[in-house]
Amino acid sequence: MSFLRRPLVRVVFRALVVSYLLFGSVYAVVDAWPRLGWAVGAGVLLLSAMTFAASVRGAVFPGSGRLLLPALAGGLAMHAVSPYSGLAVLYVVVYAAPYRLPLRWAAAFVAADIGGTVLVSLLLGLPVPETFGNTMGLCYSVILAFLLRQLTLSRELAESRARESAQAERAHLAREIHDILAHAQSAQIVHLEGARLLLERGDVPTALDRVTRALRLARSGLEETKRAVDALRGQDIRLLELLERLTVEHRSAGGAPCEVEVSGDVSALPAGARLAVARTAQEALTNVRRHAPGAAVTVTLRNVRGWCELEVRDGGGAAPPAQDGGGYGLVGMRERAELLGGSLTTGPEGAGFRVLLRLPAGAAS
């Protein structure tokens, strides 16, 4: 099908169709002129010109399907005035109707095309074998035209699905990149800002310790990027170890208490659900450091009646994740949850802020 979409092929096809239509129109005029007189010949000439223009405009080149109506009427009239001269137009209408009209109208048009051709042939008393041959040729053309239409629709549907899949993959990658960079860079900024203040006060040893921590976080970010790529490839991630490391990094970055609590069996979670839990915890801790530095945080992971729940609760009133950077935090976490058939709830609770992620324990990866 891609071969037929090449510009040169289209130009050649259109040239052949125009030549075919032009031959039918010229043949109608030449055949009708000596038999039916000057007046009828002139009428046939005008009819041929109008039919040719309508069929070319509506069938060969992009245009409205309504132009096929005068082409159909003109083709049948040309066939009545000069037998077989209008068949070129009638065949073009058969092939063009499925592409220019809705399915029902296209079916009605081709039925009128075939029925009209048979009726005119019978009224003219044309030989039965020729009438039967032309009718079968139009029927075969109808079948081929609708098969080509179905192939075109199938191709367009496949291309649409491919574009949607690529868009979903780009959105997935965008969420992963945002989550990794937001977590790693925010922690590094905290350490580097602290190092700058310490250097201004002349406390070089403590400032050097902060820079060393920022370096460790940078290396951890690289490792986290590799784990995210592995997860995207379908490889396993160690969720509990990752949560423990996130809490250690959080305590190291801000010096605030941060603990992990696990209840129930969460080892059966698929890779997609594990990645969603890890990224949500990461994003929630990042927002605590931004909006409630120094607040104590509790990260709870539990399996409750077939649902995996991740709860991140702080005691210092962290702002909603939607207030981070470009605003992708809350959106990304909610999209990730909904893609897996779960939900995300965020909001103030008491003096602090709460993020609750719920996923089916058997969510597809």
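Everything numeric here is computed off the predicted structure, so don't read it as measured data.

Examining the packing of helix α2 (residues 68–81) against helix α3 (residues 87–100)
- α3 packs onto α2 with a crossing angle of 160° between their chain directions and a minimal axis gap of 9 Å. With respect to each other, α2 and α3 are oriented roughly antiparallel. Like other packed secondary-structure pairs, α2 and α3 cross with a definite hand, here left-handed. Across from Leu68, Ala71, Leu72, Gly75 and Leu76 in α2, the residues of α3 making contact are Val89, Leu90, Val93, Ala96, Ala97 and Arg100.
- The residue makeup of the contact of α2 with α3, split by class, is nine nonpolar, one polar and one charged.

What to know about the pairing of strand β2 (residues 297–304)
- As defined by bridge partners, strand β1 (residues 258–263) adjoins β2 across six bridges and the pair is classed as parallel. Residue pairing in the sheet places Val262 in a bridge with Leu301 of β2.
- Viewed along the sheet, the connection from β1 through helix α8 (residues 271–291) into β2 turns out left-handed.
- Pairing between β2 and strand β3 (residues 307–314): eight bridges, direction antiparallel. What sits directly across from Thr298, in β3, is Arg313.
- The turn linking β2 back onto β3 is made up of two residues, and Arg305 within it adopts a positive phi angle of 50°.

Considering the sheet that holds strand β5 (residues 352–360)
- In space, the five strands of this open sheet follow the order β1-β2-β3-β5-β4, with mixed pairing throughout. Where the open sheet ends on each side, the last strands, each with one partner, are β1 and β4 (343–349). Going across the sheet, the axis of each strand differs from the next one's by a mean of 10°, ignoring polarity.
- In the sheet, β3 pairs with β5 via eight bridges, with the strands oriented antiparallel. Paired with Glu309 across the two strands is Arg358, which belongs to β5.

Focus on the nonpolar core
- With 29 residues, the main nonpolar core has Val277, Leu301, Leu310, Val312 and Leu359 as its most contacted residues.
- Secondary structure elements with two or more residues in this core: α7 (239–254), α8, β2, β3, α9 (328–339) and β5.
- At eight residues, α8 tops the list of elements feeding residues into this core.
- When residues no more than four places from it in sequence are discounted, the contact partners of Leu301 are Leu239, Leu240, Leu243, Glu261, Val262, Ser263, Val266, Val277, Cys308, Glu309 and Leu310.
- Grouped together as the second largest cluster of nonpolar side chains are 23 residues, Leu21, Ala71, Leu76 and Ala96 included.

Description of the confidence of the model for the protein
- Considering every residue of the protein, the mean pLDDT works out to 77; 75% of them sit at 70 or more.
- Note on residues 318–328: pLDDT is under 50 here. Beyond four places in sequence and across chains, it has 26 contacts.

Observations regarding unusual backbone geometry
- For Tyr84, which is not glycine, the phi dihedral falls at a positive 75°.
- Along the chain, the position of Tyr84 falls in the loop between α2 and α3.
- At Arg305, a position not held by glycine, the phi torsion is positive, near 50°.
- Within the element layout of this structure, Arg305 appears in the loop between β2 and β3.

A look at the environment of Leu123
- Within the fold, Leu123 resides in helix α4 (residues 103–124).
- Under the relative-accessibility criterion, Leu123 is labelled exposed at 68%.
- As a C-alpha pair, Leu123 and Ala80 span 43 residues in sequence and 8.7 Å in three-dimensional space.

What counts as what
- Residues numbered from 1 in each chain as written.
- Predicted model: local features only at pLDDT ≥ 70, side-chain atom pairs only at ≥ 80, totals over all residues.
- Heavy atoms only, no water.
- Axes fitted to C-alpha atoms, helices over the stretch in contact; angles between N-to-C directions.
- Helix = DSSP H or I, 4+ residues; strand = E, 2+ residues; numbered from the N terminus.
- Parallel < 35°, antiparallel > 145°, perpendicular 65-115°, else oblique.
- Left-handed = near helix turned anticlockwise from the far one by under 90°.
- Contact = heavy atoms within 4.5 Å.
- Nonpolar A, V, L, I, M, F, W, Y, C, P; charged D, E, K, R; others polar.
- Pairing = 2+ DSSP bridges.
- Right-handed = clockwise from strand over helix to strand, strands pointing away.
- Core = buried A, V, L, I, M, F, W, Y, C linked by side-chain atoms within 4.5 Å.
- Buried < 20%, exposed > 50% of the residue type's maximum accessible area, 1.4 Å probe, protein only.
- pLDDT = per-residue confidence, 0-100.

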